[in-house]
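Descriptive analysis of the structure
If you want the building blocks of each chain, they are given just below.
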Amino acid sequence: MPRYAYVNGAYLPHKEASVHIEDRGFQFADGVYEVIACIHGHLADERGHLDRLKRSLSEVGMKMPLPEETLRFIIRELLRRNRLQNAIVYMQVTRGSARRDFAFPAENTLQSLILTTWPFHYDNLPKMEKGVSVITVPDIRWKRRDIKTVALLPQVLAKQKAIEKGVHEAWMLDDEGYITEGSASNAWILTKEGLLLTRKADNDILRGVTRTAISKICMDLKIEMVEQSFTPAQSYEASEAFMSSASAVITPIVTIDGHNIGTGKPGDVTLRIYEEYRAYVEGLRGQQLRWSA
Ligand code: PDD
């Protein structure tokens, strides 16, 4: 069965799907993206991801390439053509293709819109049972980390450093030595006092759509979530830690910079939040949330 991608109006075999060499996404990283999980046929927080896509676009002076309803249709059609129930949906919008010039291209330049999907399984993952390890690295990104831009080289380098150290993810540190977030995930710790800490979502981090869902779950479960920065030293003392993102969902962290967190096993609170999140995605906990900056 061929695998399909969506490129500027057409569903194409994945192998043949491409954009022009002068696409501004390719030449300037002049584009934004979203990643949505599809779990057992349920799109996880599609509403929130489309809200954030619109906001990222507007922050860089672009508009939605298509009406939202059409985009929703394309997501479903691509999943259907690829016969996927458990998948990652990737969606990217760039300022289009034009002769290389730093200034924005002419108003009538067509934006590029591409979507790809790939199979992704969320059940019985070893990383959920065993947890993962992270290291901390300097955060060398720009000052608008709230925009989900495709300019991901600092995150690529951070992740690669983690892989070379034999761990799963890198948590990045700002100039004051506080953790901002993971290379592609938000960072959380549960203190010994029972407070769930995650950094305030301003321009320094991406306000995760999963993070928004977790904050609602914390209210329902009466877990005290506090938006507060924390240092690596504080994280080593935590009783639990986890990372969140569309693809990582809620992944327990069991060591940070080689320090065991809590018992060195996935924590109960983390697993409880994960369980609730799965129920939320599968429509068992009411409406999915909106996202706003
Ligand atoms: N990344 N922070 C960063 C830097 C991210 O790249 C991501 C997601 C998140 C979590 O956001 P959300 O919960 O909305 O997925 C936080 C995606 C998954 C990626 O780049 O593949």
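Residues numbered from 1 in each chain as written. Predicted model: local features only at pLDDT ≥ 70, side-chain atom pairs only at ≥ 80, totals over all residues. Heavy atoms only, no water.

1. Some remarks on helix 6 (residues 209-221)
- Given a rise of 1.5 Å per residue, 13 residues ought to cover 18 Å, and the 19 Å separating the end C-alpha atoms of helix 6 matches this to within 8%.
- Taken together, the buried positions of helix 6 are occupied by Val209, Thr210, Arg211, Thr212, Ala213, Ile214, Ile217 and Cys218.
- A positive backbone phi angle near 60 degrees is found at lysine 222, which sits one or two residues after helix 6. (Helix = DSSP H or I, 4+ residues; strand = E, 2+ residues; numbered from the N terminus. Expected span 1.5 Å × (residues − 1). Buried < 20%, exposed > 50% of the residue type's maximum accessible area, 1.4 Å probe, protein only.)

2. A word on the packing of aromatic side chains
- Throughout the structure, instances matching the rule amount to seven aromatic pairs.
- Sitting over the face of the ring of phenylalanine 104, arginine 95 holds its NZ or CZ atom 3.6 Å from the ring centroid. (Phe/Tyr/Trp six-rings, centres within 6.5 Å; stacked < 30°, edge-to-face > 60°. Lys NZ or Arg CZ within 6 Å of the ring centre and 35° of its normal.)

3. What about the environment of asparagine 8?
- With respect to the element layout, asparagine 8 can be found in the loop between strand 1 (4-7) and strand 2 (10-13).
- Residue asparagine 8 is classed as partly exposed on the basis of its relative accessible area, which comes to 45%.
- For the pair asparagine 8 and serine 183, spaced 175 residues apart in sequence, the C-alpha to C-alpha distance is 29 Å.
- Apart from the residues lying within four places of it in its own chain, the contact partners of asparagine 8 are Gln111, Ser112 and Leu113.
- Here the side chain of asparagine 8 touches leucine 113 through a polar contact of 2.7 Å, landing on its backbone nitrogen. (Contact = heavy atoms within 4.5 Å. Polar contact = N/O pair within 3.5 Å; in protein donor to acceptor, adjacent residues only side chain to side chain.)

4. Considerations on the domain arrangement of the protein chain
- Domains assigned within the protein chain are domain 1 (4-119) and domain 2 (126-281).
- For domain 1 versus domain 2, the separation of C-alpha centres amounts to 26 Å.
- Interface area, domain 1 with domain 2, both sides summed: about 1,800 Å², of which 61% is carbon and sulfur.
- It is Tyr33, Asp45 and Arg52 that lose the most area in domain 1 upon contact with domain 2, and together they represent 34% of the buried surface on that side.
- With a shortest N-O distance of 2.8 Å, arginine 55 and aspartate 146 are connected by a salt bridge.
- The interface formed by domain 1 and domain 2 includes eight residue pairs in polar contact (both at pLDDT 80 or more). (Domains from an automatic or database assignment. Buried area = accessible area lost by both parts, 1.4 Å probe. Salt bridge = Lys/Arg side-chain N within 4 Å of Asp/Glu carboxyl O.)

5. A look at the site of the ligand
- Taken together, 20 residues are adjacent to the ligand, and Tyr33, Glu181, Val209, Thr210 and Ala246 come closest.
- Interatomic distance of 3.1 Å between a side-chain N/O atom of lysine 148 and a nitrogen atom of the ligand.
- A distance of 2.7 Å separates an oxygen atom of the ligand from a polar backbone atom of valine 209.
- Protein chains shield 91% of the accessible area of the ligand, which is 480 Å² for the free molecule.
- When contributions to the shell around the ligand are tallied by element, the ones reaching two or more residues are strand 3 (31-39), helix 2 (46-59), strand 9 (179-182), helix 6 and strand 13 (240-245).
- A class-by-class count of the residues in the shell around the ligand yields six nonpolar, ten polar and four charged.
- Taken together, domain 1 (4-119) and domain 2 (126-281) each give at least three residues to the shell around the ligand, which thus spans both. (Near = heavy atom within 4 Å. Areas by Shrake-Rupley, 256 points an atom, 1.4 Å probe, with all protein chains shown as cover. Nonpolar A, V, L, I, M, F, W, Y, C, P; charged D, E, K, R; others polar.)

6. Digging into the pairing of strand 9
- With two bridges connecting them, strand 8 (residues 169-173) and strand 9 associate as antiparallel partners. Each bridged residue has a counterpart across the sheet, and for tryptophan 171 the counterpart in strand 9 is glycine 182.
- The turn linking strand 8 back onto strand 9 is made up of five residues, and glycine 177 within it adopts a positive phi angle of 90 degrees. (Pairing = 2+ DSSP bridges.)

7. Structural notes on helix 3 (residues 68-81)
- If you check helix 3, its first and last C-alpha atoms are 20 Å apart, about what 14 residues at 1.5 Å a residue would give, namely 20 Å.
- If you check which residues of helix 3 are buried, you get Glu68, Leu71, Arg72, Ile74, Ile75, Glu77, Leu78 and Leu79.
- Among the residues trailing helix 3, arginine 83 stands out with phi positive, at a value near 50 degrees.

8. Focus: the sheet that holds strand 1
- Reading across from one edge, 2-1-6-5-3-4 is the order of the six strands in this open sheet, with antiparallel pairing throughout. Since the sheet does not close on itself, it has two edges, and those belong to strand 2 and strand 4 (42-43), each with one partner.
- For strand 3 and strand 4, the ladder comprises two bridges, and the chain directions are antiparallel. From the neighbouring strand, cysteine 38 faces strand 4, where its bridge partner is leucine 43.
- Across the face of the sheet, helix 2 comes into contact with strand 3, strand 4 and strand 5 (87-94) while running at roughly 175 degrees to strand 3. (Axes fitted to C-alpha atoms, helices over the stretch in contact; angles between N-to-C directions.)

9. Digging into unusual backbone geometry
- A positive phi is found at alanine 29, a non-glycine position, where the angle reads about 55 degrees.
- As for its position among the elements, alanine 29 is in the loop between helix 1 (24-28) and strand 3.
- A positive phi angle, close to 55 degrees, is found at valine 249, a residue other than glycine.
- Tracing the backbone through its elements, the reader meets valine 249 in strand 14 (residues 249-256).

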